[in-house]
Amino acid sequence: MQFARLQEQVAWAWERVPFYRERFAAVGLEPGDIKTREDVRHIPFTEKSALREHYPYGLFAVPLSQIVRLHASSGTTGKPIVVGYTKEDIEEWRYCIMSMMQMAGVVPGDRVQMAFGYGMFTGGFGLHYGAEGLGCTMIPAGAGNTERHIMMIEDYGTTALIATPSYALHICEVGERIGYDWEKSSLRVGLFGGEPCPPKLKAEIESRMHIICTDNYGLTEVMGPGVSGECLSSRNHQHIVEDHFYWEVIDPDTLEVLPEDSECEGELVLTPLAKKGIPILRYRTRDLTSVTCAPCACGRTTARMEKVRHRTDDMLIIRGTNVYPSQVEDVLSTIPGASPHYRLVVDNETGLDRLTLMLEVQPQVFTDSFAEMEGFRRLVADKLRGVLQLGVEVRLVEPGSSERFMGKAKRVEDRRG
Amino acid sequence: MGVTQIGVFLENQPGHVSRLTDVLEKAGVSIRGFSLADTTDFGIARFVVDKPAEALEALRAAGALTAVTELLCIELPDEPGALDHVFSAVANAGLNVEYAYSLVSTYVALKVGDIQQAQALLAGQPIRLIEQDDLLNSHTRG
């Protein structure tokens, strides 16, 4: 069933989008050649650059008159890309979001408050219509005005909050400051997306807001949120909505497809199975993960991908050493009192690459003794050196000084000229 | 028991101290003494005030990181030899001082290990120990 849909999708792209027809011709391939999973490997990958080069409508498979909505990526990693949805695409997308929300324990009747911005970003409207489709009461508050969000949670009896994890933490902190009692609040579930959610941050929000936080995964290029979501039994994985996505994991260096049951980490490659507006074949997500097909305790049989911890794009090369921000998060999670809020700055002012960690000081580690604060700073620096095999300058900064973005938290700043 | 010191975490950036003093002023708190020291990237501001509870509440509400420490406080007459007199008494009592700084007019505050023990050891010395309430009095008098 899944494979038949894949074949249809390949034919749809080939018949209607010159880009795919040319790519197939270049490797001597036609849609009829795709008969087994093995054959899929012959289809050339699609990269983000293809969407940029054909900006805005060059990869659309239908006339614009059949496109009922446009969305665009935020452009955090370059120029924006634009995608279009037909009526059917919007329906499929809604189904994916509904599946993802049900996994997170959202049920009809839940009051779901939106703290994503609407706009061109897929998160806002995507989750909005999914929640309505599920029979929830949608509260389209939108991004910003944190105190109003808290008032709405209280007054409307909100049970589920859609936000980036960093903004959810901001709402939590503002609530605490104005004396809002999160334990007594009706809020039950957090649906997080838009940026990776480190486990420590998730645990912190869970204990301070007294909710269950789930995060979900998706990307504008293949649809938006709803590609996969977390169930309540397997907190470190997300079930892929396999009715709608064909997945592969590749070695990003050799581009070889890893065996389906290998459970090895590699780059996730996705093909949406029913995308009429802008079909995308074998999209290289740049997200590194591993996929398991082992049964899940929740009873779902779909494959589960490990939470995306890093992207091939995130990798920093510092004095020849590869560093992922997620490694820094891992180290911080082992140090009692170390905050999950940080920024990494790379520069070469002195001629040599230098990595600086700006770490927020948590109230529980602050003492007014220089010796103790210096000892804490040195402990963090030593542990980082041990794991990264690289000297890292650690600077202690005030809590709240890493920006809590309503969109994506910017944790890494590369100032190298 | 002695006087209350409020330590506040500071990043070395222009305006950070004035932000704190502004918060204290708005809270109607009078600073009776302070000390500022820094390492290369962060600092700790230490305040002794007339109303520590109000000061602490205002600073925390403003998002500052705070730590409370009790200090020994001794009267320091404004005359030659007074500081020597005080530190001789402290030395005679065998106390180790981590740091010390002057407060308004005629007091000196000292960070020592066990403040209760220090006060007991200094009881026989010819010096006057100061309590938190004395700071309030001197303020209202002025």
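Residues numbered from 1 in each chain as written. Chains lettered and ligands numbered in written order. Predicted model: local features only at pLDDT ≥ 70, side-chain atom pairs only at ≥ 80, totals over all residues. Heavy atoms only, no water.

A.B. asks: Run through the pairing of strand E9 (residues 237–240) of chain A, naming residues and quoting values.
C.D. replies: All names here are of chain A. For strand E8 (residues 224–229) and E9, the ladder comprises 2 bridges, and the chain directions are antiparallel. Looking across to E9, one finds that Gly-229 is bridged to His-239. In the sheet, E9 pairs with strand E14 (residues 304–306) via 3 bridges, with the strands oriented antiparallel. When the sheet's bridge partners are listed, His-239 is paired in E14 with Arg-304. (Pairing = 2+ DSSP bridges. Helix = DSSP H or I, 4+ residues; strand = E, 2+ residues; numbered from the N terminus.)

A.B. asks: Tell me about the interface of chain B and chain A, and name the residues and values.
C.D. replies: Interfaces are frequently sized by the accessible area removed from exposure as the parts join. Contacts between the two partners involve 22 residues from chain B, matched on the other side by 19 residues from chain A. Buried surface at the junction of chain B and chain A, both sides included, amounts to about 1700 Å², of which 63% is carbon and sulfur. Where chain B meets chain A, there are 1 salt bridge. A salt bridge links Arg19(B) to Glu398(A); the shortest N-O distance between them is 2.9 Å. (Contact = heavy atoms within 4.5 Å. Buried area = accessible area lost by both parts, 1.4 Å probe. Salt bridge = Lys/Arg side-chain N within 4 Å of Asp/Glu carboxyl O.)

A.B. asks: Before we move on, can you summarise the domain arrangement of chain A with the specific residues and values?
C.D. replies: Residue and element names in this part refer to chain A. Entries for chain A in the domain assignment read domain 1 (84–312) and domain 2 (315–414). Each of domain 1 and domain 2 was reduced to a C-alpha centroid, and the two centroids are 27 Å apart. Counting from both sides, the interface comprises 19 residues of domain 1 and, opposite them, 18 residues of domain 2. With both chains or domains summed, domain 1 and domain 2 bury close to 1600 Å², and 52% of this area falls on carbon and sulfur atoms. At the boundary of domain 1 with domain 2, the tally comes to 0 salt bridges. (Domains from an automatic or database assignment.)

A.B. asks: Kindly report on the sheet that holds E8(A), identifying the contributing residues and their values.
C.D. replies: Residues and elements named next belong to chain A. Taken in spatial order, the 9 strands of this open sheet run E4-E3-E5-E6-E7-E8-E9-E14-E13, and their pairing is mixed. Bordering the open sheet on either side are strand E4 (137–139) and strand E13 (291–292), each of which pairs with just one other strand. Packing against the sheet, helix H8 (residues 165–177) makes contact with strand E5 (160–163) and strand E6 (189–192), and its axis sits at approximately 125° to E5. Helix H9 (residues 199–209) rests against E5, E6 and strand E7 (212–219) of the sheet, and its axis sits at about 140° to E7. (Axes fitted to C-alpha atoms, helices over the stretch in contact; angles between N-to-C directions.)

A.B. asks: I'd like a rundown of the domain arrangement of chain B, residues and numbers included.
C.D. replies: Residue and element names in this part refer to chain B. Split by domain assignment, chain B resolves into domain 1 (3–70) and domain 2 (71–136). When each unit is reduced to the centre of its C-alpha atoms, the spacing between domain 1 and domain 2 is 22 Å. Facing the 17 residues of domain 1 at the interface are 15 residues of domain 2. Surface buried jointly by domain 1 and domain 2 totals about 1300 Å² across both partners, of which 59% is contributed by carbon and sulfur atoms. The largest share of the area that domain 1 buries against domain 2 comes from Val-3, Arg-32 and Glu-70, three residues that together contribute 47% of it. Applying the counting criterion to the domain 1 and domain 2 interface returns 0 salt bridges. Our enumeration of links across domain 1 and domain 2 arrives at 7 residue pairs in polar contact (both at pLDDT 80 or more). Mapped onto the side of domain 1 that touches domain 2, the elements with two or more residues apiece are strand E1 (3–11), strand E2 (31–38), strand E3 (42–49) and strand E4 (66–75). The leading source of residues in the side of domain 1 that touches domain 2 is E2, at 5 residues. When the residues that make up the side of domain 1 that touches domain 2 are grouped by side-chain class, the tally is 7 nonpolar, 5 polar and 5 charged. (Polar contact = N/O pair within 3.5 Å; in protein donor to acceptor, adjacent residues only side chain to side chain. Nonpolar A, V, L, I, M, F, W, Y, C, P; charged D, E, K, R; others polar.)

A.B. asks: Lay out unusual backbone geometry in plain terms, naming residues and giving numbers.
C.D. replies: Residues and elements named next belong to chain A. The step from Tyr-55 to Pro-56 runs through a cis peptide bond, and the omega angle for that step is -5°. Tracing the backbone through its elements, the reader meets Pro-56 in the loop between helix H4 (48–53) and strand E1 (67–72). The phi torsion at Asn-145 lies on the positive side, around 55°, for a residue other than glycine. Here Asn-145 shows up in the loop between E4 and helix H7 (146–156). Assessed through its relative accessible area of 49%, Asn-145 is described here as partly exposed. For Arg-286, which is not glycine, the phi torsion reads 70° and is therefore positive. Mapped onto the elements, Arg-286 comes out in strand E12 (residues 283–289). Owing to a relative accessible area of 24%, Arg-286 belongs among the partly exposed residues under this scheme. (Buried < 20%, exposed > 50% of the residue type's maximum accessible area, 1.4 Å probe, protein only.)

A.B. asks: Describe the pairing of strand E19 (residues 354–360) of chain A, listing the residues and the values that go with them.
C.D. replies: Residues and elements named next belong to chain A. Burial analysis of E19 places 6 of its 7 residues in the buried class, which makes it a mostly covered element. As judged from the 6 bridges shared by strand E18 (residues 342–347) and E19, these two strands associate in the antiparallel manner. Across the sheet, residue Tyr-342 finds its bridge partner in E19, namely Leu-359. In this antiparallel pair of consecutive strands, E18 and E19, the connection spans 6 residues, and Gly-351 shows a positive phi of 95°.

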